[in-house]
Amino acid sequence: MNKKRKIADILVNIWMRIGLYLLLSIPVFIVIGLFWKAGPLLKSQSLANLLFSSRWSPMKGEFGFLPFIFSSAYVTVLAFLLSAPLCLFAAIYLTQFSKQRLLNFMLPVIDILAGIPSVVYGVWGILVIVPLVSDGIAPFFGTSSSGYSLLAGGTVLAVMCIPYMLNMLIEVFHTIPVGMKEASLSLGATSWEMVKHVILRKGFPGIISAFGLGISKAFGETIAVLMVVGNTLNISLSPLKPGYPLPALIANNYGEMMSIPDYDSALMFAALLLFVVILIINLFFRYFIHKGEKV
Amino acid sequence: MNSMTLSYQSQLTARRAVSQNEIKVSELKEAAPIVEIKGLNVRTKDGEILKNINLEIPKNKIVVLLGPSGCGKTTLLKSLNRLTDLHKELKVSGQILIDGQDITKAGQNLANMRQKMGLLSQRPFPLPASIYKNVAYGLKLKGIRSKKLISHSVETNLKRVGLWNEVQDRLKSPANSLSIGQQQRLCLARGLAVKPTIILADEPTSALDPISTKIIENLFKDLKKHYTIILVTHVLRQALRLADHVVFMYYGEIIEQGHPDDILKNPKTKILKKYLIDGN
Ligand SMILES: Nc1ncnc2c1ncn2[C@@H]1O[C@H](COP(=O)(O)OP(=O)(O)OP(=O)(O)O)[C@@H](O)[C@H]1O
Ligand SMILES: [Mg+2]
C-alpha cells in the first residue's frame, strides 16, 4: 500500500513537471521561430532603420515600421486612457458603495460582455463609432474624417477592454479584508478616505496587474481594430486620422504578395515586435507590482 | 465617595463595606449613562443576530460582555459605531444613544462619531502602511499636521501598550511585518491616539502572553479614569479582574447583567451557571 502511494506520488510529480516544461517551452519556440523567419530582413537592414524609419515600400525593399508602431501605441494608449479610469471608479463603486443587488446583476453582464467575440465589437464600431466620428465629432471640430480613424480604433478597443479589466478589478477589491476597511473607518476616515488609504493602497498591485493585462490585450487585439482604424500609413497626432497598427499589418497581408523579397520576413519581424513589446509591458507592470507589495 | 478616582480593588472593598442601599444611591448619583441601547435588533435574511438588546453603559466604567462564541458580542460592538453599515446583509433597527444622541439616525457625521469610539477589532488589522503611519493615521484624519505633535503621540501611545521597546528601531517598516500579538497592541495604540471617549475592545488580549496581557489590563484600569470601556473577553478571570459591570449574552439576547461579584459568583439563570461551570 505504502509503496503504491509512493509510486503514485512520483508519477504525479513527473507528470506535473512535464506539463510545466511544455507550457514554458511554447513562448520559447514562438520566439525562436519568429527570429528564424525574420532573419533575412534582420540581416539586410539595421535594427534602428527598421524601428525608426517611416519609409514603408516593400517593392523598393524599404521596411520602416515606425508608422505601425506609432499607430499601435496610439490606439493602445487611447484605449487605456478611456477605459482605465472608468473601470477603476466603476469597480470601486460596485464593490464598496452600491447595493448588493446591483453587483449581483452586473457580474454576469460583465462576463457576457467579456465573452463577445471581437469581430462583433468591430461590426458595432463600424455601425456606431465610425459614423459618430465622421458625422459628429469631426464636423464639431471643423474638419472632415472618413470616421475610420485612430479614435474609432481606440474607442472600440476601450469598450472591449472594459469588461475584462472591470472583472479583474472587482476580483481584486473583493480580496481586501473587511476588517481593514473597518479599521480605517473606525479611526475616523470618511468613505472616500477609506477607499484612498485602504482599497487603493492594498489593492495597488492588483490594480496595476489588471491595467497591465488590459494594455497587453489592447496592444495585441487585431480584428476589431482592423475593421475601424482605416489601415492607412500615417504618423499624425490627430485622432481623427486613420492609422495602421502592427496586428492589422500582419492580418491584412500575411499570405499575400509573398513574391516580394523579404516581405514574408518583414511580417514575421512585426510579429516578433508585438511579442517583445507585450513582454516589455508585462515586465514593466510586474516591477510596479513588486514595488507596491512592499507596503 | 468619589468612586471614579478609586482603584478597582479599593472600590471592591468599599462596595463590600457599604450596604446594598447605599450602592444603589451612589450609582444613581452618577451622571447619565454614556451609551444607551434601546430595543436594538440586528437581523439577516436567515435570522436574528441580536434580539431586542436594552443596555445602559455607565460613564468611566469597564463593562465586560461575556457569552459563548457566536452569541453576538462582536456584532453588538460593531453596531455601536455603525460598522454594521459595511455589511449590507445586516438589517439594524432600534435606538443607540451616545451622549444622548441617536447615532442610528441618517445624516450623521459618521467619521466624527467613530473617532469618539475607538474600536479594537477581534483580529488585528494593521493598515497597509508603516508602523508609524498606523499610529499617526487617526491624528492625520483629524487634521493634525504638526510633525512634533504626531511623533510625540506615536511614542507615548506605543509606550502605553508596551510596544515601544520592540519597534522603536523599525517604525518605518510595514505594520504587517509584526507578530499577531504585536499587531494587537499596535491597533490598541492606534485607537488610543485619536483619544476616543469610549473604547470598544473585542478580546484585546487574545493573542498576548501573560506579561503583555498584564500591561494591557493595567492600562485599561488606568484608562477608566477618562474613558468608558466596553470589553469582550472569554477569560472569566480577566472579567473578574477588570469589570465594573458584567453583561452575559446568549444567542443574541442579554440573559443576565450586574456587578461582577453577583454575575460571576452567584449566577441566577441556569444558562449562566452552566457557562461558568464549563468555563472553570
Ligand atoms: N455579516 C454577517 N452576515 C451574516 N451573519 C453574520 C454576520 N456577522 C455575524 N453573523 C452571525 O452572527 C452571529 C454572531 O456573530 P458575532 O461575531 O457577533 O459573535 P461573537 O459573539 O463575537 O462570537 P466570538 O466570541 O466567536 O467572537 C454568528 O452566528 C454569525 O454567524
Ligand atoms: Mg466576536
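The coordinates are above.
These numbers come from a predicted model, not from an experiment.

Turning our eyes to something else, we now look at the packing of helix H3 (residues 66–97) of chain A against helix H6 (residues 150–174) of chain A. Residues and elements named next belong to chain A. Packing of H3 against H6 brings their axes to within 6 Å, and their N-to-C directions diverge by 35°. The chirality of how H3 crosses H6 is right-handed. Here the residues of the contact of H3 with H6 sort into 24 nonpolar, 9 polar and no charged.

Together, Arg201(A), Lys133(B), Lys140(B), Arg145(B), Lys147(B) and Lys172(B) line one region of the surface with positive charge. Structurally, the position occupied by Lys172(B) is in the loop between helix H7 (164–167) and helix H8 (180–193).

Take a nonpolar patch on the surface next. All names here are of chain A. A grouping of Val-119, Val-120, Val-123, Trp-124, Leu-127, Val-128 and Ile-223 is seen on the molecular surface, where their side chains present a nonpolar patch of about 560 Å² in accessible area. Here the element with the most residues in the nonpolar patch is helix H5 (residues 118–140); it accounts for 6 residues. Among the residues examined, Val-119 registers a relative accessible area of 40% and is labelled partly exposed.

So, about the coordination of the magnesium ion (ligand 2). Residues and elements named next belong to chain B. Around the magnesium ion (ligand 2), the donor atoms from the protein are Thr-74 (OG1) and Gln-122 (OE1), and they sit 1.9 to 2.3 Å away. Here the residue Thr-74 occupies a position in helix H3 (residues 73–80), and Gln-122 occupies one in the loop between strand S6 (117–120) and helix H5 (131–141), the gap between them amounting to 48 residues. For Thr-74, a relative accessible area of 24% gives the class partly exposed.

With that settled, the discussion passes to the site of ligand 1. Residues and elements named next belong to chain B. Around ligand 1, the structure places 15 residues, and the nearest of them are Ser-69, Thr-74, Thr-75, Glu-89 and Gln-122. Within the backbone of Gly-70, a nitrogen or oxygen atom sits 2.8 Å from an oxygen atom of ligand 1. Within the side chain of Gln-122, a nitrogen or oxygen atom sits 2.7 Å from an oxygen atom of ligand 1. The fraction of the free accessible surface of ligand 1 (640 Å²) that becomes covered by protein chains is 65%. With 3 residues, the single largest contributor to the shell around ligand 1 is H3. A class-by-class count of the residues in the shell around ligand 1 yields 3 nonpolar, 9 polar and 3 charged.

If you look at the biggest cluster of nonpolar residues, it comprises 115 residues, and the most contacted ones within it are Phe65(A), Leu169(A), Phe173(A), Ile37(B) and Leu80(B). With 14 residues, H6(A) is the single largest residue contributor to this core. Discounting chain neighbours no more than four positions away, the residues touching Phe173(A) are Leu88(A), Ala91(A), Ile92(A), Thr95(A), Gln96(A), Ile199(A) and Ile207(A). With 45 residues, the next largest nonpolar core counts Ile62(B), Leu66(B), Leu223(B) and Val246(B) among its residues.

What follows covers the pairing of strand S7 (residues 198–202) of chain B. All names here are of chain B. Among the 5 residues of S7, 5 are classified as buried, and the element is accordingly described as predominantly covered. Of the two faces of S7, both are covered, the one formed by Ile-198, Leu-200 and Asp-202 as well as the one formed by Ile-199 and Ala-201. Here S7 runs beside strand S8 (residues 228–232); their pairing, made up of 5 bridges, is parallel. Bridge pairing in S8 links Ile-199 to Ile-229. Taken together, S7, helix H9 (residues 210–223) and S8 constitute a β-α-β crossover, and its handedness is right-handed.

Further remarks concern the sheet that holds strand S3 (residues 62–66) of chain B. All names here are of chain B. Ordered by their spatial adjacency, 6 strands build an open sheet running S6-S7-S8-S3-S9-S10, and the pairing between neighbours is mixed. A single partner strand is all that each edge strand has here, and the edge strands are S6 and strand S10 (253–258). Across the sheet, the mean angle from the axis of one strand to that of its neighbour is 15°, orientation sign disregarded. Pairing between S3 and S8: 4 bridges, direction parallel. Across the sheet, residue Val-63 finds its bridge partner in S8, namely Ile-230.

About the thresholds
- Residues numbered from 1 in each chain as written.
- Chains lettered and ligands numbered in written order.
- Predicted model: local features only at pLDDT ≥ 70, side-chain atom pairs only at ≥ 80, totals over all residues.
- Heavy atoms only, no water.
- Axes fitted to C-alpha atoms, helices over the stretch in contact; angles between N-to-C directions.
- Helix = DSSP H or I, 4+ residues; strand = E, 2+ residues; numbered from the N terminus.
- Left-handed = near helix turned anticlockwise from the far one by under 90°.
- Nonpolar A, V, L, I, M, F, W, Y, C, P; charged D, E, K, R; others polar.
- Patch = residues over 30% accessible without salt bridge, like charges linked within 9 Å, V, L, I, M, F, W, Y side chains within 5 Å.
- Areas by Shrake-Rupley, 256 points an atom, 1.4 Å probe, with all protein chains shown as cover.
- Salt bridge = Lys/Arg side-chain N within 4 Å of Asp/Glu carboxyl O.
- Lys, Arg positive; Asp, Glu negative; His and termini not counted.
- Charge placed at Lys NZ, Arg CZ, Asp CG, Glu CD.
- Buried < 20%, exposed > 50% of the residue type's maximum accessible area, 1.4 Å probe, protein only.
- Donors = N, O, S within 2.8 Å, 3.2 Å for Na, K, Ca; no water.
- Near = heavy atom within 4 Å.
- Polar contact = N/O pair within 3.5 Å; in protein donor to acceptor, adjacent residues only side chain to side chain.
- Core = buried A, V, L, I, M, F, W, Y, C linked by side-chain atoms within 4.5 Å.
- Contact = heavy atoms within 4.5 Å.
- Pairing = 2+ DSSP bridges.
- Right-handed = clockwise from strand over helix to strand, strands pointing away.

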